[in-house]
Amino acid sequence: MRTYTPKPGEVTRTWHVIDATDVVLGRLASQTAILLRGKHKPTFAPHVDGGDFVIIINADKVALTGAKLEQKKAYRHSGFPGGLKAQSYQELLAKNPAKAVEKAVRGMLPKTTLGRAQLTKLKVYSGAEHPHAAQKPQPFEISQVAQ
């Protein structure tokens, strides 16, 4: 019996839309990373980009548990000496909530060329509207929400 290996041309991709209203950021990011990598499919292979497209709406209504809103920091570096910048998640969610969700999902994907390719299939929007209605995305429900 030969082991089945999917080829990049054989992959069928579907579109999922996730409503991030009152969903904990880490749970949202982990479920999104599973969909982007294709780990929910029986044809999963770690070396093939077999994941689906994911649209996240209402990113401005995502929840953080405990005191993470004030205490957790989002770091970025310019690449120059002394170029480390820190920003609290409260400021980040106020200025650019889509960036906070993208940062969380990026941390759960592989740090390789394949991971960067999978991240291009993620579309994050702050409001409830998205321009991908023509792709007919199916709603994906995350049952665990913040208390």
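For the structure, check the block above.
Asker: Would you mind going over the pattern of salt bridges with me for this structure?
Answerer: Side chains that carry opposite charge are capable of pairing whenever their charged atoms lie near each other. Tallied over the full model, the rule gives two salt bridges. Asp49 is the salt-bridge partner of Lys121, the closest N and O atoms lying 2.5 Å from each other. With a gap of 72 residues between them, Lys121 in the loop between α5 (113-119) and β5 (122-124) and Asp49 in the loop between α1 (25-37) and β2 (53-57) connect regions that are remote in the sequence. Just as Lys121 is buried, Asp49 falls in that class too.

Asker: Would you take a moment to explain a positive patch on the surface for this structure?
Answerer: Side chains of Lys68, Lys72, Arg76, Lys85, Lys95, Lys99, Lys103 and Arg106 sit close together on the surface and give a patch of like positive charge. At three residues, the largest contribution of residues to the positive patch is made by helix α4 (residues 97-106). Considering the arrangement of structural elements, one finds Lys103 in helix α4. For Lys103, a relative accessible area of 32% puts it in the partly exposed group.

Asker: How do you make sense of α1 when you look at a structure like this?
Answerer: Residues spaced three or four apart along an α-helix face the same direction, because each turn holds 3.6 residues. For α1, which comprises 13 residues, the first-to-last C-alpha distance of 18 Å matches the rise-based estimate of 18 Å (1.5 Å per residue) to within 8%. For α1, every residue scored as buried is listed here: Leu25, Leu28, Ala29, Thr32, Ala33, Leu35, Leu36 and Arg37. Next to the buried residues of α1 lie β1 (15-19), β2, α3 (89-95), α4, α5 and β5. Of the residues trailing α1, Gly38 is marked for its positive phi of about 90°.

Asker: Looking at this structure, how should I read unusual backbone geometry?
Answerer: Comment: phi is negative for the bulk of residues other than glycine, and the bulk of peptide bonds are trans. Within the chain, Asn58 stands out as a residue other than glycine whose phi angle is a positive 60°. Position of Asn58 relative to the elements: it lies in the loop between β2 and α2 (68-71). Even without a glycine there, the phi angle at Lys136 is positive, about 55°. Within the element layout of this structure, Lys136 appears in the loop between β5 and β6 (138-139).

Asker: Explain the environment of Gly115 to me, please; I cannot follow it from the model alone.
Answerer: Summarising the element assignment, Gly115 is placed in helix α5. Taking the C-alpha atoms as reference points, Gly115 and Leu36, separated by 79 residues in sequence, lie 9.1 Å from one another. Contacts of Gly115, omitting those with residues within four sequence positions, involve Leu109 and Pro110.

Asker: Help me understand the packing of aromatic side chains in this model?
Answerer: Think of a pair of aromatic rings as described by two things: how far the centres are apart, and how the planes are tilted against each other in angle. Using the criterion set out here, one finds one aromatic pair in the structure. Aromatic pair Trp15 and Phe53: ring centres 4.3 Å apart, planes at 5°, arrangement stacked. With Trp15 in strand β1 and Phe53 in strand β2, this residue pair connects regions lying 38 residues apart in the sequence. The class of Trp15 is buried, set by a relative accessible area of 14%.

Thresholds applied
Residues numbered from 1 in each chain as written. Predicted model: local features only at pLDDT ≥ 70, side-chain atom pairs only at ≥ 80, totals over all residues. Heavy atoms only, no water. Salt bridge = Lys/Arg side-chain N within 4 Å of Asp/Glu carboxyl O. Helix = DSSP H or I, 4+ residues; strand = E, 2+ residues; numbered from the N terminus. Buried < 20%, exposed > 50% of the residue type's maximum accessible area, 1.4 Å probe, protein only. Patch = residues over 30% accessible without salt bridge, like charges linked within 9 Å, V, L, I, M, F, W, Y side chains within 5 Å. Areas by Shrake-Rupley, 256 points an atom, 1.4 Å probe, with all protein chains shown as cover. Lys, Arg positive; Asp, Glu negative; His and termini not counted. Charge placed at Lys NZ, Arg CZ, Asp CG, Glu CD. Expected span 1.5 Å × (residues − 1). Contact = heavy atoms within 4.5 Å. Phe/Tyr/Trp six-rings, centres within 6.5 Å; stacked < 30°, edge-to-face > 60°.

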